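Listed below are the residues making up each chain.
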Amino acid sequence: MTDARIRISRRALIGGLASSAGLLLSGCNEEPPTYGNLLRMGDNLTYSAQRLLLSRTSLVREYDRAEITSMPAIGTVDPTQGKAGDQYAAVMRGDFADWRLEVVGSVGQPKSFSLADLKRMKSRTQVTRHMCEEGWTAIAEWTGVPLGAVLEAVAIRPAARFVEFHSFDGLADSVDLVDAFHPQTILAYGMNGRDLPIPHGAPLRLRVERQIGYKSLKFLRRIVVADRFNDFGKTGSIQNGWAWHVGI
Amino acid sequence: MDPTSADDPAETPLEAGGHRLWVRLTHWAIAGAAIVLIVSGVTILMAHPRLYWGHAGNDLTQPLLEIPLGPNHHHGSWSKATPFFASGGGPVTANRLVEPWNQNSWARSLHFLAAWIFLAGLIAYLALGTATGHLRRYLWPRRAELSRDNIGRDIKAHLRLPMPDAEPGPPYAILQKLSYVLIALVLLPLMFLTGISMSPAIAADYPFLLDLFGGTQSARTLHFFAFVAITLFLVVHLVMILLTRPLRQLRGMTLGNRR
């Protein structure tokens, strides 16, 4: 290769790197609002850096079944006591036969899934480590349907950017599409080889394995595919002072 | 001859009585970030003051150590444990009945914000320290300095009060060199590595981090002991400054050799 060609290819390489970095950065324009809060700016810096520097498809370690450990149930352990307690009590009868997961929003075919519908779809079982923001960890086996399969079943629109989750205990949260379509992001109905126990989020909970535990909402009732970021006001993580993206 | 003497041409200070600009900048960036990391880190630890070894550990497993710190020490209001598997004797679950003290919302975000400043300062310090020869010239101990006689002499010098009146900045005696090497080349990088080992996103990309420390909880435990060592260093560092004309030391690390 001549010197001139090396120079050109070097320039092309640098230009290519710069433009792809720009593309990646512009892909991070869809950031949660900071409301001028320095801590939220730091959260967004960490979010952008993780999306820029880390692989979007790398898998978390999966353990052997023999490595399953004890796991506390924390936060809401009995949703019949909460705000939507009556509604939860109504759907929990008969092994959640009348429970439905609504999937709506920026989708071509909004659908309502029964537990049996979800169990008929392709399933994934993974033994992973739950990392709680408090500092403890637990290893458990989760069985469920990949969230990506559900989003494809409702024909998610190209304009969609976030997937929101709403639970029976009044919580709401969201993930970006990188985490939504990650192969280990599942809607879990089984835990350690049995139906998901109520304190752990029955009938259906989210597992977002590359984020801290509080992202994996329990007691799901509704999924909304959104084109724009929603902070969920007073019930959302941001206005309660918590980071939205918690990869660390 | 005293091997730490400034007569050694390799250790002639470039800025008598002060520190170079990049040393001052990185020192204060790391020091400021470290204070914030210590405060937020202790707050995070208070949410769950139990340490474990291995990949997993929680209130239903055996801790390595329970730290008597804050309202969550021996916190526990749990429902009766029920086994996950029919065979019994294996892993269990139990419901937490009372929510513990938790200020992790701001403490975690502040910790990671300060961690960026810490990381930038540490990378700049190590890169410039290597490129300029600063680490090799002023911090890395020479073989002769590691003799028992020399170390013994320096220990005695530190036990005598008042402390000998030293100019701020290099050259350093052997104990000072060893503690700076330990903090800059061992403890601070270890803090970074054990810290990111706890991140599920980073550990997914770099699973060797989990094997390096033997699991997330081992990394968390080492993170704690490295914090203890760094805090001890900080205390000794501040005492030494107070004993050796603190205002002049402070000026040397802030304004350099300007008089």
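The rules we used
Residues numbered from 1 in each chain as written. Chains lettered and ligands numbered in written order. Predicted model: local features only at pLDDT ≥ 70, side-chain atom pairs only at ≥ 80, totals over all residues. Heavy atoms only, no water. Helix = DSSP H or I, 4+ residues; strand = E, 2+ residues; numbered from the N terminus. Buried < 20%, exposed > 50% of the residue type's maximum accessible area, 1.4 Å probe, protein only. Areas by Shrake-Rupley, 256 points an atom, 1.4 Å probe, with all protein chains shown as cover. Lys, Arg positive; Asp, Glu negative; His and termini not counted. Charge placed at Lys NZ, Arg CZ, Asp CG, Glu CD. Core = buried A, V, L, I, M, F, W, Y, C linked by side-chain atoms within 4.5 Å. Contact = heavy atoms within 4.5 Å. Salt bridge = Lys/Arg side-chain N within 4 Å of Asp/Glu carboxyl O. Buried area = accessible area lost by both parts, 1.4 Å probe. Polar contact = N/O pair within 3.5 Å; in protein donor to acceptor, adjacent residues only side chain to side chain. Nonpolar A, V, L, I, M, F, W, Y, C, P; charged D, E, K, R; others polar. Pairing = 2+ DSSP bridges. Axes fitted to C-alpha atoms, helices over the stretch in contact; angles between N-to-C directions. Expected span 1.5 Å × (residues − 1). Left-handed = near helix turned anticlockwise from the far one by under 90°.

### Let's talk about the overall build of chain B
In terms of regular secondary structure, chain B is built from 9 helices and 4 strands. Shown N-terminal to C-terminal, the secondary structure of chain B runs as helices and strands in the order α-β-β-β-β-α-α-α-α-α-α-α-α. In terms of its C-alpha atoms, chain B occupies a principal-axis envelope of roughly 75 × 40 × 35 Å. The buried share of chain B, taken over its 259 residues, is 44%. Carbon and sulfur atoms make up 69% of the accessible area of chain B, which amounts to about 13,200 Å² in all. Looking at charge distribution, chain B has the averaged site of its 21 positive side-chain charges lying 3 Å from that of its 15 negative ones.

### Description of the nonpolar core
Core analysis: the largest hydrophobic core is formed by 34 residues, its most contacted members being Trp99(A), Leu101(A), Leu118(A), Phe165(A) and Leu187(A). Those elements that place two or more of their residues in this core are α3 (85-96), β1 (100-105), α4 (115-120), α5 (147-153), β5 (162-167), β7 (186-191) and β10 (220-226) of chain A. Tallying contributions element by element places α5(A) first for this core, with 4 residues. The residues contacting Leu187(A), other than those within four sequence positions of it, are Leu101(A), Thr143(A), Gly144(A), Val145(A), Leu147(A), Val150(A), Phe165(A), Leu204(A), Arg205(A), Leu206(A), Leu220(A) and Ile223(A). Among the nonpolar cores identified, the runner-up in size contains 23 residues, and Val23(B), Ile30(B), Leu37(B) and Met191(B) belong to it.

### Some thoughts on the pattern of salt bridges
Inspection of every chain in the model, using the stated rule, returns 17 salt bridges over all chains. Two residues, Arg61(A) and Asp211(B), come together in a salt bridge whose shortest N-O distance is 3.0 Å. You can see Arg61(A) sitting in the loop between α2 (38-53) and α3 and its partner Asp211(B) sitting in helix α7 (residues 208-213), one on each of two chains. According to the relative accessible area criterion, Arg61(A) is partly exposed, its value standing at 25%. Overlapping salt bridges bring together Arg51(A), Asp176(A), Asp179(A) and Arg210(A) as one network.

### Here we look at the interface of chain B and chain A
Across the contact, 46 residues belong to chain B and 52 residues belong to chain A. Approximately 4,000 Å² of surface area, both sides summed, lies buried where chain B meets chain A, with 57% of it carried by carbon and sulfur atoms. Applying the counting rule to chain B against chain A returns 2 salt bridges. Counting across the interface, chain B meets chain A through 31 residue pairs in polar contact (both at pLDDT 80 or more). For the side of chain B that touches chain A, the secondary structure elements donating two or more residues are α1 (21-47), β4 (92-93), α2 (104-131), α6 (200-205), α7 and α8 (216-243) of chain B. Looking at which element gives the most residues to the side of chain B that touches chain A, the answer is α2(B), with 9 residues. When the residues that make up the side of chain B that touches chain A are grouped by side-chain class, the tally is 25 nonpolar, 14 polar and 7 charged.

### A closer look at the pairing of strand β3 (residues 124-131) of chain A
Residue and element names in this part refer to chain A. Of all 8 residues in β3, 6 are buried, a share of seventy percent or more. Pairing geometry for β3 and strand β4 (residues 137-146), over 8 bridges, is antiparallel. Following the sheet pairing, Arg129 is matched in β4 by Ile139. Counting the residues that bridge the hairpin from β3 to β4 gives 5 residues, and of these Gly135 lies at a positive phi of roughly 125°.

### Brief notes about the environment of Ala204(B)
Assignment of secondary structure puts Ala204(B) in helix α6. A residue is classified by how much of its surface remains accessible, and Ala204(B), at 8% relative accessible area, is buried. Contacts of Ala204(B), omitting those with residues within four sequence positions, involve Ser58(A), Leu59(A), Val60(A) and Arg210(A).

### Quick look at the sheet that holds strand β6 (residues 172-176) of chain A
Residue and element names in this part refer to chain A. Here 5 strands make up an open sheet; going across it, the order is β2-β1-β10-β5-β6 and the pairing mixed. Strand pairing shows two members of the sheet lacking a second neighbour, β2 (111-114) and β6, which therefore form its edges. The average undirected angle you get between the axes of adjacent strands in this sheet is 20°.

### Here we look at unusual backbone geometry
The linkage connecting Ala202(A) with the following residue, Pro203(A), adopts the cis geometry, with an omega of 5°. Going from Pro170(B) to Pro171(B), the amide bond is cis rather than trans, its omega being 5°. Secondary-structure assignment places Pro171(B) in the loop between α4 (148-159) and α5 (174-197). Here the phi dihedral of Tyr35(A) falls at roughly 55°; this positive angle occurs in a residue that is not glycine. With respect to the helices, strands and loops of the structure, Tyr35(A) is situated in the loop between α1 (3-27) and α2. Owing to a relative accessible area of 54%, Tyr35(A) belongs among the exposed residues under this scheme. Phi angles above zero are rare outside glycine, and Phe232(A) is one such case at about 60°. By secondary structure assignment, the location of Phe232(A) is in the segment after β10.

### Section: the environment of Val239(B)
Residue and element names in this part refer to chain B. When you line up the elements, Val239 lands in helix α8. According to the relative accessible area criterion, Val239 is partly exposed, its value standing at 38%. Residues Val239 and Ala124, 115 residues apart in the sequence, show an inter-C-alpha distance of 27 Å.

### Thoughts on α2(B)
Helix length check: α2(B), at 28 residues, gives a terminal C-alpha distance of 39 Å against a target of 40 Å (1.5 Å per residue), a fit within 8%. One or two residues past the end of α2(B) sits Gly133(B), with phi positive at roughly 80°.

### Observations regarding the packing of α2(B) against α5(B)
In a packed pair of helices, the relevant descriptors are the angle between the two axes and the axis-to-axis distance. Residue and element names in this part refer to chain B. Here α2 crosses α5 at 145°, and the two axes come no closer than 11 Å. In this structure, the crossing between α2 and α5 has a hand that is left-handed. Across the interface between the two elements, Phe118, Leu119, Leu122, Tyr125 and Leu126 of α2 pack against Ala184, Leu185, Leu188, Pro189 and Phe192 of α5. Looking at the contact of α2 with α5 residue by residue, the classes come out as 10 nonpolar, no polar and no charged.

### Examining the side chain of His134(B)
For His134(B), the location among the structural elements is in helix α3 (residues 134-139). Aside from chain neighbours lying at most four places away, what touches His134(B) is Trp22(B), Val23(B), Tyr125(B), Gly129(B) and Leu139(B).

The values are spatial; any link to function lies outside them.
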